[in-house]
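Overview (structure and organization)
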Amino acid sequence: MNGRHTSLDEFAAEKLAALEGKALRRRLIETDRREAVRATRNGRELISFCCNDYLNLSQHPAIKRAAMVATEEYGVGAGASRLVSGNHPLFAALERRLADWKQSEDCVVFGSGYMANLGIVPALVGAGDLILADELSHACLMSGAKLSGAEFAIFRHNDLAHLEALLAAHRGDAQHRLILTDGIFSMDGDAAPVEALAALAARHDAWLMTDDAHGIGVVGRDGRGSSFMGKEKAAVPLQMGTLSKAVGSYGGYLCASRAVCDLIRTRARTLIYSTGLPPGVVAASIAALDFIRDNPDFCKRPVEKARGFARALGLPAPESPIVPLILGDAEQTLAASALLETEGFLVTAIRPPTVPPGTARLRFTFTAEHDDADIARLVNIVRERILSRRAAE
Ligand SMILES: *Cc1c(COP(=O)(O)O)cnc(C)c1O
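Residues numbered from 1 in each chain as written. Predicted model: local features only at pLDDT ≥ 70, side-chain atom pairs only at ≥ 80, totals over all residues. Heavy atoms only, no water.

Some remarks on helix 13 (residues 372–392)
- Here helix 13 contains 21 residues, and its C-alpha end-to-end distance of 29 Å stays within 8% of the 30 Å for a straight helix at 1.5 Å per residue.
- The axis of helix 13 is deflected most strongly, by about 35°, at Arg 383.
- Buried within helix 13 we find Asp 374, Ile 375, Leu 378, Val 379, Ile 381, Val 382 and Ile 386. (Helix = DSSP H or I, 4+ residues; strand = E, 2+ residues; numbered from the N terminus. Expected span 1.5 Å × (residues − 1). Bend = angle between axes of the 7 residues up to and from the residue. Buried < 20%, exposed > 50% of the residue type's maximum accessible area, 1.4 Å probe, protein only.)

Shown next, in the form of C-alpha cells:
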C-alpha cells in the first residue's frame, strides 16, 4: 500500500497528530455538574468558571420540576418536526414570553442557537444579496452566511467606519444587505455598539441581526439583552439568541415581526426538517424566563461579579459575565488552565480556531451564585502564578 491510498483511519490519525503538535487537539472530558457552580472531573470537585449557565438556572429546583411535569404530561420527545405534528402546546407559551421580553411582534423557537442561525440567514438572503459580518461573530453566524450563497464580507471588530465603507462600496450591487454581529461577543465578552449599528443599518437600508446568546438574562434593562443596553430599545429587526446559556435550558430563537417569523416558519430548513424540541426542555425555558422576569436584581449579579474580578486584576471593566485573559500561545494557555485545575478551578483554555491565531486565552465566566471568597482566591492565583510569571518572562 502506498501513501496515495491512505485509509480513512490513517487520514484521521495523521490529521490529529498534526493538530496535537500545535496544541490544537481537543478532547471531551467527562464533567459531572449537579450544583450551581461545582463540577466533578476525574474524581475531583472543581469550582467552574467556564459555564455559560450565568444564572445557574440549569440546576434550579422549580425549573427542573417544570421539565419533569411537562415530561410526565407530554412525553420525552416532540415526535416530529413542528411543521408536521411536533408543535406541542408549550411552544406558543414560550414564543409569547420571548416576544414580550424582547418587545417584538413575534418569535420562532428552533432546536438550538446554532440551528437558528443556519436556518435564519439562508431564509432571508441568497445569491445577489450581501452579508456583512463582524469578524468576531460566532462560528454559526459565519456558517449560516456561507450556506446562504450571498456575497459575504467581514468588517473589523466593532468598526462602524469600516462597515459603513463596505456598505458604500457595495451600494447598488446587492439586492438586500444583511448585517450580522454578536450582541455580546462570546469569546471576548464585549458588547457590539447595537444602537449605532441599528442607525447605520437604517441609513443604508440594510437589515441588522444580532446574536444575543450571551446577552439575554444578564445584560440590558432587567436582563432583556443587548438591544436594551441604551436608554431606548435599539431598533434591531432580527433579535436572535439561545436558551442554552443564562436561560439554562436548550433551544434557539428569533424575535422579529410577524411577517418575518411567518417567512422563517415557511422557509428555514433547520426548523422545517428537524424535530421540535422536547416538551420538558421547552417547559424549562418557560419557567426560566418567568424566573428572569421576576428576579431582575439576581440577573445583575453575573456582570457585577465579573466586574469585581476584573477590577482586582486591573483588567478592563467587562460589559458581560465574560472576562477573557489573552495569553496568546496555545500551549501556555493549556498550562495555565491545568495550573488552575490543580488549585480546584475549572477554566478551560480557548484556542484557535475558536479564537483568531495567536489569541489563545483563558475565558472566565461568572455566575450569580459564585462565592466572593472563591473569586478572591482565584484572583490571587491568577495574579501570582499566571500574570506575574508572564511579566517576568
Ligand atoms: C453558544 C452560542 C451559539 C449557539 O447556541 P446553542 O444554542 O448552544 O447552539 C450561537 N451564538 C453564540 C454567540 C453563542 O455563544
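Details of the nonpolar core
- Among the nonpolar cores identified, the biggest contains 39 residues, and Leu 55, Leu 94, Leu 98, Val 109, Tyr 253 and Ile 292 are the most heavily contacted of them.
- Counting only elements with at least two residues in this core, the list comes to helix 2 (61–74), helix 3 (90–102), strand 4 (106–110), strand 10 (252–256), helix 10 (279–294) and helix 11 (296–313).
- By residue number, the principal contributor to this core is helix 10, which donates 9 residues.
- Both domain 1 (23–54 + 321–392) and domain 2 (60–294) contribute no fewer than three residues apiece to this core.
- Excluding residues within four positions of it along the chain, Leu 98 makes contact with Cys 107, Val 109, Ile 216, Leu 243, Tyr 253, Cys 255 and Leu 289.
- Of all hydrophobic cores here, the second largest spans 25 residues; its members include Val 108, Leu 124, Ile 131 and Leu 141. (Core = buried A, V, L, I, M, F, W, Y, C linked by side-chain atoms within 4.5 Å. Domains from an automatic or database assignment. Contact = heavy atoms within 4.5 Å.)

Considering the side chain of His 214
- Of note, His 214 is situated in the loop between strand 8 (207–211) and strand 9 (238–242).
- Polar contacts involving the side chain of His 214 include one to the side chain of Tyr 54, which spans 2.7 Å.
- Beyond its immediate stretch of four places on either side in the chain, His 214 contacts Asn 52, Tyr 54, Ile 184, Ser 186, Lys 245, Ile 322 and Arg 363. (Polar contact = N/O pair within 3.5 Å; in protein donor to acceptor, adjacent residues only side chain to side chain.)

Some words on the domain arrangement of the protein chain
- Per the domain assignment, the segments of the protein chain are domain 1 (23–54 + 321–392) and domain 2 (60–294).
- At the junction of the two partners, domain 1 supplies 12 residues and domain 2 supplies 12 residues.
- If you sort the residues of domain 1 by the area they bury against domain 2, Asn 52, Tyr 54 and Ile 322 come out on top, with a joint share of 43%.
- Between the two partners, domain 1 and domain 2, sit 1 salt bridge.
- The salt bridge partner of Arg 361 is Asp 188, with a shortest N-O separation of 3.1 Å.
- Per-class residue counts for the side of domain 1 that touches domain 2 are 7 nonpolar, 2 polar and 3 charged. (Buried area = accessible area lost by both parts, 1.4 Å probe. Salt bridge = Lys/Arg side-chain N within 4 Å of Asp/Glu carboxyl O. Nonpolar A, V, L, I, M, F, W, Y, C, P; charged D, E, K, R; others polar.)

A word on the sheet that holds strand 14 (residues 360–365)
- Pairing is antiparallel in the open sheet, where 3 strands are placed in the order 11-14-13. The outermost strands of the open sheet, each flanked by one partner alone, are strand 11 (322–328) and strand 13 (349–350).
- Where strand 11 meets strand 14, 6 bridges bridge the pair, whose relative direction is antiparallel. Within strand 14, the residue paired with Ile 322 across the bridge is Thr 365. (Pairing = 2+ DSSP bridges.)

Digging into the site of the ligand
- Taken together, 14 residues form the shell around the ligand, and within it Gly 113, Asp 211, His 214, Thr 242 and Lys 245 come nearest.
- Between the ligand and the protein, one listed contact pairs a nitrogen atom with a side-chain N or O atom of Asp 211 at 2.5 Å.
- Here Lys 245 contributes a side-chain N or O atom positioned 2.6 Å from an oxygen atom of the ligand.
- For the ligand, the accessible surface in isolation is 380 Å², of which the surrounding protein chains cover 88%.
- Broken down by class, the residue content of the shell around the ligand amounts to 3 nonpolar, 8 polar and 3 charged. (Near = heavy atom within 4 Å. Areas by Shrake-Rupley, 256 points an atom, 1.4 Å probe, with all protein chains shown as cover.)

As for the pattern of salt bridges
- Per the stated rule, a full pass over the model turns up 23 salt bridges.
- Look at the salt bridges and you will find they share partners, linking Arg 97, Asp 290, Arg 293 and Asp 294 into a network.

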